[in-house]
Amino acid sequence: MGAVPEPHTGWTFLTNHARVLAAIADNPATRIRDIAARCRLTERAVQKIVADLESGGYLSHTRRGRSNTYRIESGTILRHPADSGLAVAELLSLLAQHDGGRGDAAGRLREAPNASDRQADA
């Protein structure tokens, strides 16, 4: 059994459910143990999150021998009313873009014009 991840205090932008879903999107044949390590969660927490995602219709799995292969239901709409109409695929696309340019994100933010600059140009 692996070590328990360090606890995180305070709030974060992404929920553990989003982190687990992103880990599965990155590798549909990933193991619960690997998801837990990547997301800094316990295996038990990941198992519960996977069960939540399956019962919510966001995820399904196929058993292959001793392992699972996950399938994300990409057309499923996010649950919060403020996210009305936003599908899981769109969220995962944003997260993938973030992961793809993680090292350069600060540079892109510095180069992006702020809202007042855009209004002045209009």
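What you are looking at is a predicted structure, and each value in this text was computed from that prediction instead of being measured.

(A) Inspection of the environment of alanine 96 at higher detail. Positionally, alanine 96 belongs in helix H4 (residues 88–100). According to the relative accessible area criterion, alanine 96 is partly exposed, its value standing at 48%. When the C-alpha positions of alanine 96 and alanine 22 are compared, they lie 7.9 Å apart, and in sequence the two are 74 residues distant.

(B) Broad picture of the confidence of the model for the protein. Looking at the protein, pLDDT values average 81 and 73% of them are 70 or higher. The element-level mean pLDDT for the protein is lowest in helix H5 (residues 105–111), coming to 39, with helix H3 (residues 43–55) highest at 97. Low pLDDT (under 50) marks residues 102–122, which in the prediction has two contacts with non-local residues, meaning those over four places away or in another chain.

(C) Representation of the environment of arginine 79. Among the structural elements, arginine 79 can be located in the loop between strand E2 (67–72) and H4. Measuring from C-alpha to C-alpha, the distance between arginine 79 and glycine 56 comes to 9.0 Å, with 23 residues separating the pair along the chain.

(D) Focus on the packing of helix H1 (residues 16–26) against H3. Packing of H1 against H3 brings their axes to within 10 Å, and their N-to-C directions diverge by 85°. It follows that H1 is roughly perpendicular to H3 by the angle criterion. On the side of H1, the interface is formed by Asn16, His17, Val20, Leu21 and Ile24, while H3 contributes Val46, Ile49, Val50, Asp52 and Leu53. For the contact of H1 with H3, the per-class residue count stands at seven nonpolar, two polar and one charged.

(E) Structural view of the nonpolar core. The biggest cluster of nonpolar side chains holds 23 residues, and the ones touching the most others in it are Val20, Ile24, Val46 and Val50. The residues touching valine 50, leaving out its near neighbours within four places in the chain, are Val20, Ile24, Ile32, Leu59 and Tyr70.

(F) Main features of a nonpolar patch on the surface. Where nonpolar side chains cluster on the molecular surface, the patch consists of Trp11, Phe13 and Leu14 and spans about 430 Å² of accessible area. Structurally, phenylalanine 13 is set in the segment before H1.

(G) Geometry of H3. Given a rise of 1.5 Å per residue, 13 residues ought to cover 18 Å, and the 18 Å separating the end C-alpha atoms of H3 matches this to within 8%. For H3, the full list of buried residues reads Val46, Ile49, Val50 and Leu53. Seen from one end, H3 has its buried residues packed into an arc of 100°, which puts them on one side. Those residues of H3 that are exposed and angled more than 90 degrees off the buried face are Arg44, Lys48 and Ser55. On its buried face, H3 is in contact with H1, helix H2 (32–39), strand E1 (59–64) and E2.

What counts, and at which threshold
- Residues numbered from 1 in each chain as written.
- Predicted model: local features only at pLDDT ≥ 70, side-chain atom pairs only at ≥ 80, totals over all residues.
- Heavy atoms only, no water.
- Helix = DSSP H or I, 4+ residues; strand = E, 2+ residues; numbered from the N terminus.
- Buried < 20%, exposed > 50% of the residue type's maximum accessible area, 1.4 Å probe, protein only.
- pLDDT = per-residue confidence, 0-100.
- Contact = heavy atoms within 4.5 Å.
- Axes fitted to C-alpha atoms, helices over the stretch in contact; angles between N-to-C directions.
- Parallel < 35°, antiparallel > 145°, perpendicular 65-115°, else oblique.
- Nonpolar A, V, L, I, M, F, W, Y, C, P; charged D, E, K, R; others polar.
- Core = buried A, V, L, I, M, F, W, Y, C linked by side-chain atoms within 4.5 Å.
- Patch = residues over 30% accessible without salt bridge, like charges linked within 9 Å, V, L, I, M, F, W, Y side chains within 5 Å.
- Areas by Shrake-Rupley, 256 points an atom, 1.4 Å probe, with all protein chains shown as cover.
- Salt bridge = Lys/Arg side-chain N within 4 Å of Asp/Glu carboxyl O.
- Expected span 1.5 Å × (residues − 1).
- Arc of directions from axis to C-beta.

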